[in-house]
Amino acid sequence: MRKFALIGKNIAYSFSPDLHNAFFRSVSLNAQYALEDFNNKEFNAASWNDLISIYDGFNVTIPFKEAVIPYLDQLDEVSRAVGAVNTVLVKEGKTIGYNTDYNGFLSLYDSIIHKTPKTAYILGTGGAAKVVDFALRNKGVENIYFVTRQASLEGATTLSYEAFRSQKKTNALLVNATPIGSKQYENQCPISEEHLVGFDGVIDLIYTPSETLLLQMAKKRGILGVNGYKMLMVQAYEAEKIWWKDLNIEKNFFVNYQLK
Ligand code: NAP
């Protein structure tokens, strides 16, 4: 039996085992997906060696997306560029890190953007924001601003929320890569409605609730919007493709999967 897992902290309620095990059942694969919660144990060289002796591959979530990098034998181009890994393949004792959030984000982008915007604003400066930045640059977006509550992020253009509010926008894209609007911050919005003037598209990486306050405001103004559900499903599909190189995996299984 091949074994896979999600490693992270506070992941007891993760949807990942349900989704990946349902996929294994759907194509009769002799495989299992488990949770490796590091709530009460340390993440270090010894635990890393345990993981690679048990698993054929794993997903990585907060707070280990950067912490796993020094342990990996190889990084793919995307994970090297963004400095974060969310998928690991263990093959003949060697480990390779990938970042499938990248293709997940591109699936959202392609679902609503049909003409490359000149300017994009990314709210937040965390791991997801960095993946979005890399994807938008590869899509040819010329001006990309990170909007942050913090002092500047090295090597990138950042705006305070105040500077963001006062900048005039035209045909721009907004990406929410903060947790504001998620279950924990439900009915909150990272910006107010009047600051949606000048945007043609809004991508909210949040997937629960399915329509955040930000997306409701965009809809009210006739701006195209999409939530992060497809990104979540496509990153899982991309991870399975990495783990089962010789298998022709049905993308629709993931795209149509309904979380319980
Ligand atoms: P993260 O590393 O915690 O970063 C979130 C960023 O949001 C922070 O860097 C921070 O930026 C900003 N932020 C945090 N708390 C805030 C607050 N109270 N008010 C305003 N800004 C705040 O998280 P992440 O991994 O990048 O994920 C960001 C969001 O994307 C989460 O909601 C996550 O669930 C979602 N996500 C979705 C998918 C998907 O598949 N759909 C994949 C990855 C992430 P500043 O400190 O610079 O302001």
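Since this is a predicted model, take the numbers as computed values, not measurements.

(A) Quick peek at the overall build of the protein chain. Across its full length, the protein chain holds nine helices and twelve strands. The globule rule puts the C-alpha radius of gyration for 260 residues at 18 Å, and the 19 Å found for the protein chain is close to it. Across the 260 residues that make up the protein chain, the buried fraction comes to 50%. In the protein chain, once contacts between residues fewer than 6 apart in sequence are set aside, the share between residues at least 24 apart is 65%. Carbon and sulfur atoms make up 46% of the accessible area of the protein chain, which amounts to about 13000 Å² in all. For the protein chain, the centre of its 27 positive side-chain charges and the centre of its 27 negative side-chain charges are spaced 4 Å apart.

(B) Quick peek at the sheet that holds strand β10 (residues 172-176). The strand order across the open sheet formed by six strands is β9-β8-β7-β10-β11-β12, and the pairing between neighbours is parallel. Only two strands of the sheet have a single neighbouring strand rather than two, namely β9 (158-160) and β12 (224-226). In this sheet, neighbouring strand axes are inclined to one another by 20° on average, regardless of whether the strands run parallel or antiparallel. Where strand β11 (residues 199-204) and β12 come together, three bridges link them in parallel fashion. Within β12, the position partnered with glycine 201 by the bridge is leucine 224. Sheet strands in contact with helix α4 (residues 101-112) are β10, β11 and β12, and its direction is about 150° off that of β11. Its contacts with the sheet put helix α7 (residues 213-220) on β10, β11 and β12, and the angle it makes with β11 is roughly 155°.

Cut-offs applied
Sequence order as written defines residue numbering, which begins from 1 separately in each chain. With the structure being a predicted model, the display of local features is reserved for residues of pLDDT at least 70 and the display and counting of side-chain atom pairs for 80 or more, all residues being used for whole-chain, interface and lining totals. Side-chain measures here rest on the full set of heavy atoms in the structure, leaving out hydrogens and waters. The numbering of helices and of strands both runs from the N terminus, where a helix is a DSSP run of H or I of at least 4 residues and a strand a run of E of at least 2. Here the radius of gyration uses the C-alpha set of atoms, whereas the globule reference equals 2.2 Å times the residue count to the power 0.38. Three labels apply to residues, based on accessible area from a 1.4 Å probe with only protein chains included: buried if under 20% of the type maximum, exposed if over 50%, partly exposed otherwise in between. Should any heavy atoms of two residues lie within 4.5 Å, those residues are counted as being in contact. Methods summary: accessible areas were calculated by the Shrake-Rupley approach with a probe of 1.4 Å, and residue burial reflects only the protein chains presented. In this charge count, Lys and Arg are treated as positive and Asp and Glu as negative; neither His nor the chain ends contribute. Charge positions come from single atoms, namely NZ of Lys, CZ of Arg, CG of Asp or CD of Glu. Two strands are counted as paired when DSSP detects at least two bridges linking them. All axes are obtained by fitting lines to C-alpha atoms, using only the stretch in contact for helices, and the reported angles, taken between N-to-C directions, cover 0 to 180 degrees.

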